[in-house]
Amino acid sequence: MAPAPSLPIHPPNGPVNGDASKQPPQGRSSQKSMTKAERRELQEKQRAAKAAAKAGGPVNGAPSKQAAKPTPQATAAATPKRPTKSNEAPAPTASALRTQTAARARAASVSVPTPANARGLRIFSHFGLPKPVSVAKGDIHPTILRLALQFSEFKITGANARCIATLSAFKTVIQDYATPPNNTLSRHLMTYLSPQISHLVAARPMSVTMGNAIRQLKLEISGSDIDLPEQDAKDALCQKIDNYIRDRIIIADQVIEETAGNKIKDGDVILTYARSSVVQKVLLGAHAEGRQFSVIVVDSRPMLEGKRLLSVLASAGIQCTYILLPALGAIITEVTLVLVGAHSIHSNGAVYSRAGTALVAMMAKLHSVPVVVCCETYKYSETVQLDSFTKNELAPQGDLFSSFPSVKARDSLTLENDEHLEILNPLYDLTPPNCITAVVTEVGVIPPNSIGSIPVALGRLL
Amino acid sequence: MCIECLKLPPLHRHCDLPAKIVIMASEASSSKGEFDIYQTYRKILDDEEMSPPLAAILSLSQLMVESNAGTMFELVKELHDGAEELKRHTTNPISLNAGCELFIAFVTLFPHESDSFAELKTELVKQGQKYAKEAISYRNKIAELMLDFIKDDSVILTHSYSRVVMRALLHAHKTKRISVYVTEARPRGLGVKTHEVLTAVGIPCTVVLDSAVAYVMDKVDFVLVGSEAVVESGGLINAVGSNQMAIIAKAAHKPFYALAESYKFHRLFPLSQYDLPTHNPSILSFPSLPPRPFVTPPTTSGVSPPIAKSGIDESLNVTPTSSSERSMSAEMTAKNPDVDYTRPDLISLVFSDVGILTPEAISQYLVAMFAG
């Protein structure tokens, strides 16, 4: 099959090239690689035949299960007498990116392996690994390409930051857009934006904030006046985007800063987890008002985002302590208030936030420390979420975040998947509503069980 | 105000407020050259049936009558100032606040249909007085709602003295047999007042010590308390001892019911006991004693230290009442809170004139009332 063009991207597992005899990054011994290469060739031919029949099967958005399914069948057909070796199955050989995706997916979730392994790890197969940025299907705007790269390499993190970046990118896209003849902007622009959005989703699963913002954008586009000249329509849309960012994020943050700041009293010891942009604003704001308090920043691998928050707070002159999550039990008795941010809140009152937040909230509840979640209303999702498991995202393997001390060799500390080991780094977890004392939004302070009243309150405002 | 009052256009029915209240209110202002809102407030509170939030609403209405404001903005500002003035005079402003905020929200959201500002003002005042009059009847509504939850031969535990609980119990007594335990509710000892009232109508009633609540809880069918305020989290602010009672009731699996008129719903959100506006650093503070002399061990001479010891905080002095009973001195009592906060997960139901609500529903009601 014709090799699909591949971008010289370095996926988290290291550079990939087309050498069939290259050892898979799992560090397989070279003795078996020749035989494996032969097997691989055969498998490739099988797969090519199958793929040709399957017109344009999913390239990027394929959940790993789907991609994994055709391969075991191919493998089983090809060499019936390879029961146990199949989990050493080829690492990306990268002619077709499809195989790359499939193999990567297989690395993440074992699909054909020994029955024992299969039972244990298939349950994690629904977690999508961040896939390498693939070939752009269709006409993707360079801003979107750049943004997707930034997302996949975790250069932009945080629900608010991602949403603002996405909306700003869409503004550029809209300005560069030209309505084709015999088409209206309000109808065609949406179809034009859809592949761009899919490209972003392929880089990294969409956050609830991005989803809500894009839904609002689509609503605005469809409501756009047909008679308006094109440039005016585009300007109006960009203005609406600006208003959305301003009203739902910037101003909301200011209201939250004030409301939550009122809950901070002199002498408080405030605990926060990882890095939330809203909590950062609240703490800086309260400090600027002259309240005397100290902050404990709790952090955890792999992202170690707390370090950035720590440097910002410390340079503002706030007294800070920095600990890692396992040390939480030792200091929780000193804490008077826990302030955390959120990725999204759900209608049953559960808060979906950086992995580790649930532990902090549960520990605080046990010690009767109030837990306050600072969250804008645009993070509200109508869905009900009951556990951290059904929906989550895995961090890529390898040392993407440089979270090891520089004195030790990175290689020695970085774990990688192999035959008997699978690394899982979920990025989010769910804090149940009974561990939360209050949720501070721009429409008021709401108890977690009444989060469903947010749309009512919003309806009054908007 | 109930939501209906806010949504409907003003009713042009003549409001017949009890005459004495109107007279009292205007007396307070005519006795001095200037309108003194606090005096008005106190005079209104002289009426037994009045509670602080309603008195606040009436005082603010009276303020509007006396005011010279020419625009809505000025009027609202004057109302805010009046509310601040009232709050300054009392150490426990929570229920007062609830009434003030409710009235100011009503004034702000009132549809401005009248042609002249004076007409609008008159209308607002009338509405305020009408509301206060209706609100007195809320207690009857609550008593009626409560009736179905009281079975024959119920044993009820209540705390301190609450007008709405009294109304409910007296109403139930007409058709059912009930017996009541009431806590003493120190330091004010209002539980004894409850005992007097109930015994006078023939309800068997016994006063229990505040410390005997856990002892008596297993004998009780349910717990019934009044409220100073019901807050946004769905929790309850009431005389100190209610939280204790709620925790014990939860541990003994007994329902805990709170009775609250809708004007007591407040947008406050305390995160803990110490986040209440009534909490200040002197409450539950330790006395600052001079550093102990290094050498001599303290002499153990029974419970009370010798009065002759100098330099020790006076609160250690004990004022003996009888030979076997001691009581706290005024200074000791001052270090204790007046009200406490009961968490929403400890409360089974809140009975109010807008219906029987779960604690979660309180927040939704408040959002619907006040948002925007």
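Residues numbered from 1 in each chain as written. Chains lettered and ligands numbered in written order. Predicted model: local features only at pLDDT ≥ 70, side-chain atom pairs only at ≥ 80, totals over all residues. Heavy atoms only, no water.

(A) Summary view of the packing of helix α4 (residues 52-66) of chain B against helix α6 (residues 94-109) of chain B. Residues and elements named next belong to chain B. Two numbers describe how α4 lies on α6: the axes approach to 7 Å, and their chain directions differ by 45 degrees. The orientation of α4 with respect to α6, classified from their angle, is oblique. In this structure, α4 meets α6 at a crossing whose hand is right-handed. Residue-level inspection shows Pro 52, Pro 53, Ala 56, Ile 57, Leu 60, Ser 61 and Met 64 of α4 in contact with α6, the latter providing Ser 95, Leu 96, Gly 99, Cys 100, Leu 102, Phe 103 and Val 107. When the residues that make up the contact of α4 with α6 are grouped by side-chain class, the tally is 11 nonpolar, 3 polar and no charged. (Axes fitted to C-alpha atoms, helices over the stretch in contact; angles between N-to-C directions. Helix = DSSP H or I, 4+ residues; strand = E, 2+ residues; numbered from the N terminus. Parallel < 35°, antiparallel > 145°, perpendicular 65-115°, else oblique. Left-handed = near helix turned anticlockwise from the far one by under 90°. Contact = heavy atoms within 4.5 Å. Nonpolar A, V, L, I, M, F, W, Y, C, P; charged D, E, K, R; others polar.)

(B) Spatial organisation of the sheet that holds strand β11 (residues 444-446) of chain A. Residue and element names in this part refer to chain A. Strand order in the open sheet formed by 7 strands is β3-β2-β1-β4-β7-β10-β11, with mixed pairing between adjacent strands. The sheet is open, and its two edges are formed by β3 (319-324) and β11, each paired on a single side. Each strand of the sheet is rotated relative to its neighbour by a mean of 25 degrees, with strand direction disregarded. Where strand β1 (residues 268-273) meets strand β4 (residues 337-340), 3 bridges bridge the pair, whose relative direction is parallel. Bridge pairing in β4 places Ile 270 opposite Leu 337. (Pairing = 2+ DSSP bridges.)

(C) Up close: the packing of aromatic side chains. Residue and element names in this part refer to chain A. A complete count under the given rule lists 12 aromatic pairs over all chains for this structure. Here Tyr 352 and Tyr 428 contribute two aromatic rings whose centre-to-centre distance is 5.1 Å and whose plane-to-plane angle is 25 degrees, an arrangement assigned as stacked. Here Tyr 428 lies in strand β9 (residues 428-431) and Tyr 352 lies in strand β6 (residues 351-354), a separation of 76 residues in the sequence. On the basis of relative accessible area, Tyr 352 is assigned to the buried category, the value being 2%. (Phe/Tyr/Trp six-rings, centres within 6.5 Å; stacked < 30°, edge-to-face > 60°. Buried < 20%, exposed > 50% of the residue type's maximum accessible area, 1.4 Å probe, protein only.)

(D) Geometry of the interface of chain B and chain A. With 16 residues of chain B at the interface, the matching set in chain A holds 17 residues. Surface buried jointly by chain B and chain A totals about 1400 Å² across both partners, of which 61% is contributed by carbon and sulfur atoms. The tally of links from chain B across to chain A stands at 2 salt bridges. Our count for the contact surface shared by chain B and chain A stands at 5 residue pairs in polar contact (both at pLDDT 80 or more). Residue composition of the side of chain B that touches chain A, grouped by class: 8 nonpolar, 4 polar and 4 charged. (Buried area = accessible area lost by both parts, 1.4 Å probe. Salt bridge = Lys/Arg side-chain N within 4 Å of Asp/Glu carboxyl O. Polar contact = N/O pair within 3.5 Å; in protein donor to acceptor, adjacent residues only side chain to side chain.)

(E) The domain arrangement of chain A, seen in detail. Residues and elements named next belong to chain A. Once the domains are mapped, chain A shows domain 1 (142-253) and domain 2 (262-392 + 427-457). If you average the C-alpha positions of domain 1 and of domain 2, the two centres end up 29 Å apart. Taken together, the contact between domain 1 and domain 2 spans 16 residues of the former and 18 residues of the latter. Between domain 1 and domain 2, roughly 1400 Å² of surface is buried when both sides are summed, and carbon and sulfur atoms account for 50% of that area. Ranking the residues of domain 1 by area buried against domain 2 places Val 208, Arg 248 and Asp 253 at the top, with a combined share of 37%. Summed over the shared surface of domain 1 and domain 2, the number is 1 salt bridge. (Domains from an automatic or database assignment.)

(F) Representation of a nonpolar patch on the surface. Residues and elements named next belong to chain A. Residues Ile 250, Ile 251 and Val 255 make up a contiguous nonpolar surface patch of roughly 190 Å² in combined accessible area. Tracing the backbone through its elements, the reader meets Ile 251 in helix α10 (residues 230-262). A relative accessible area of 36% places Ile 251 in the partly exposed class. (Patch = residues over 30% accessible without salt bridge, like charges linked within 9 Å, V, L, I, M, F, W, Y side chains within 5 Å. Areas by Shrake-Rupley, 256 points an atom, 1.4 Å probe, with all protein chains shown as cover.)

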